[in-house]
Amino acid sequence: MNAITEVYFRHRSTVLLLLVAPLVAAALWALPLQPIWVGVGAALAMSGAALRLASMRCIGRGARVHRADVRGALVTWGPYGVSRNPLYVAAALILTGLALVSGWGPWGLLVFPCALLVYTPVVLHEEVAIEAAVGAEFIDYRGSVSRWLGLPGGGAGPSERVAWGEVLKREKFLVPGVVLAAIGIYLIRADLVPVRALLAKVATPLHLHPAVLGLIVLALGAAVNSFQVHRKRLRRAERDRRRELEGAGEGGEPQPADDGEAASPLASSPDAAGSV
């Protein structure tokens, strides 16, 4: 089980690409827009962006890891006081909002629980690493704070937190990205950019709907992304092996490679969205 969740964790960026499938399908099928739900979707997407920013302010530089290891103190305040995985909740809110904007209507709300369900194996893998590193402290935290959403149960947190300026600098593409995604969906639906026309030229001889061809292209992109993730992992493993050999040759303790930063209930631990 651990081996499966570890593979799932490493390829979570591919999982995110596959979660975009409902948005692609709705945009290319041009489902009828329902203004009320479009407004709800925009609000949810921006709420997700705000939740991510607030979460990043709590964990500071602890975000984006290649491994579910931990190198910091447990973060239990702010959004982490009502959810053990607010970054994944934020990603689910953004995806749900964009699904509503793309034309799914009330059916788009199903994207939220589906996204959390898809992210669950990633979270299970992270929690094993956190519990191994922190022990009883995390067990107490897990007993008082819900995995996804619940009543406040965390601590008060430090008096000094990461400055909003630093958070916005690190996440400078978040809000513009959400806005551009919504605008892109509208432009495709309104045929103001020829995406559907171009796909139709290829799909028609193959007796496919442009939306189906779009989903095939998305699946191929996800496969390429997984291949890249696997190749990078092999490179990191080779680099670590060389460092261990160099450390052993010098008679010292080999130093673990710093593969990046993390982001979970730990100041330097998992709960990385990738990349939403």
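None of the values given here were measured: they were computed from a predicted structure.

Calculation notes
Residues numbered from 1 in each chain as written. Predicted model: local features only at pLDDT ≥ 70, side-chain atom pairs only at ≥ 80, totals over all residues. Heavy atoms only, no water. Helix = DSSP H or I, 4+ residues; strand = E, 2+ residues; numbered from the N terminus. Buried < 20%, exposed > 50% of the residue type's maximum accessible area, 1.4 Å probe, protein only. Contact = heavy atoms within 4.5 Å. Areas by Shrake-Rupley, 256 points an atom, 1.4 Å probe, with all protein chains shown as cover. Axes fitted to C-alpha atoms, helices over the stretch in contact; angles between N-to-C directions. Parallel < 35°, antiparallel > 145°, perpendicular 65-115°, else oblique. pLDDT = per-residue confidence, 0-100. Core = buried A, V, L, I, M, F, W, Y, C linked by side-chain atoms within 4.5 Å. Polar contact = N/O pair within 3.5 Å; in protein donor to acceptor, adjacent residues only side chain to side chain. Left-handed = near helix turned anticlockwise from the far one by under 90°. Patch = residues over 30% accessible without salt bridge, like charges linked within 9 Å, V, L, I, M, F, W, Y side chains within 5 Å. Salt bridge = Lys/Arg side-chain N within 4 Å of Asp/Glu carboxyl O. Phe/Tyr/Trp six-rings, centres within 6.5 Å; stacked < 30°, edge-to-face > 60°.

(A) Geometry of the overall build of the chain. Secondary structure assignment for the chain yields 11 helices and 0 strands. Walking the chain from its N terminus toward its C terminus, one meets helices and strands in the order α-α-α-α-α-α-α-α-α-α-α. Taking all 276 residues of the chain together, 41% fall into the buried category. Intrachain contacts of the chain at a sequence separation of at least 6 include 82% that bridge at least 24 residues. Of the roughly 14100 Å² of accessible surface on the chain, a fraction of 67% belongs to carbon and sulfur atoms.

(B) Region of the structure containing the packing of helix 6 (residues 111-134) against helix 7 (residues 136-144). Following both chains from N to C, one finds helix 6 and helix 7 inclined at 130 degrees, their axes separated by 6 Å at the closest point. It follows that helix 6 is oblique to helix 7 by the angle criterion. When helix 6 is examined against helix 7, the residues Glu 127, Ile 130, Glu 131 and Val 134 are found in contact with a partner set consisting of Ala 136, Glu 137, Phe 138, Ile 139 and Arg 142.

(C) Representation of unusual backbone geometry within the structure. The backbone of His 207 shows a phi angle near 60 degrees, a positive value even though the residue is not glycine. Under the relative-accessibility criterion, His 207 is labelled exposed at 73%.

(D) Local environment of the confidence of the model for the chain. Confidence in the prediction of the chain, expressed as mean pLDDT, is 79, and 79% of residues score 70 or more. Within the model, the stretch residues 256-270 combines pLDDT values under 50 with 81 contacts to residues more than four positions away or in other chains. Across residues 272-276 the pLDDT falls below 50, and counting only partners more than four positions away or on other chains, this stretch makes 15 contacts in the model.

(E) The nonpolar core, seen in detail. Membership of the largest hydrophobic core comes to 50 residues, with the highest contact counts inside it found for Tyr 80, Tyr 119 and Trp 148. Among the elements that line this core, the one with the most residues is helix 5 (residues 86-104), at 10 residues. Once you skip the residues sitting within four places of it in the chain, Tyr 119 turns out to touch Leu 16, Leu 19, Tyr 88, Ala 91 and Trp 148.

(F) Representation of the environment of Tyr 141 in the model. By the element assignment, Tyr 141 lies in helix 7. Given a relative accessible area of 4%, Tyr 141 falls into the buried group. Within the local environment of Tyr 141, its side chain forms a polar contact with the backbone oxygen of Tyr 80, the two atoms lying 2.6 Å apart.

(G) Expanded view of helix 5. With respect to burial, helix 5 is a largely interior element, 18 of its 19 residues being buried. Just downstream of helix 5 lies Gly 105, where phi reads positive at about 65 degrees.

(H) Seen up close, the packing of helix 5 against helix 6. Interaxial distance between helix 5 and helix 6 falls to 9 Å at its minimum, and their mutual angle equals 155 degrees. By the angle between their axes, helix 5 is roughly antiparallel relative to helix 6. With respect to the hand of their crossing, helix 5 and helix 6 are arranged in right-handed fashion. Only Val 111, Phe 112, Ala 115, Leu 116, Tyr 119, Val 122, Val 123 and Glu 126 of helix 6 make contact with helix 5, whose side of the interface consists of Tyr 88, Val 89, Ala 91, Ala 92, Leu 93, Leu 95, Thr 96 and Ala 99.

(I) Quick peek at a nonpolar patch on the surface. A cluster of nonpolar side chains, contributed by Met 46, Val 175, Val 179, Leu 180 and Ile 183, occupies part of the molecular surface with about 390 Å² of accessible area. On the secondary structure map, Val 175 appears in helix 9 (residues 174-189). Classification of Val 175 by relative accessible area gives partly exposed; the value is 30%.

(J) Representation of the side chain of Arg 52 in the model. Tracing the sequence through the fold places Arg 52 in helix 4 (residues 35-59). Looking at Arg 52, its side chain comes within polar contact range of the side chain of Glu 171, at 2.8 Å.

(K) Just the environment of Ala 190, in detail. One can find Ala 190 in the loop between helix 9 and helix 10 (195-203). Look at Ala 190 and you get partly exposed, because its relative accessible area is 34%.

(L) Representation of the environment of Arg 147 in the model. Along the chain, Arg 147 turns up in the loop between helix 7 and helix 8 (164-170). Its relative accessible area of 25% is what places Arg 147 among the partly exposed residues. For the pair Arg 147 and Ser 83, spaced 64 residues apart in sequence, the C-alpha separation works out to 5.6 Å. With sequence-adjacent residues up to four places away left out, Arg 147 is seen in contact with Ser 83, Arg 84, Asn 85, Thr 120, Val 123, Leu 124 and Glu 127. A distance of 3.0 Å separates the side chain of Arg 147 from the side chain of Glu 127, its partner in a polar contact.

(M) Inspection of the packing of aromatic side chains at higher detail. Enumeration over the complete set of coordinates arrives at 2 aromatic pairs. Centroid distance Phe 138 to Tyr 141: 6.2 Å. Interplanar angle 50 degrees. Geometry classified as tilted. Note that Phe 138 and Tyr 141 are positioned in helix 7 at a spacing of 3 residues, about one turn of the helix. Tyr 141 shares its class with Phe 138; the two are buried.

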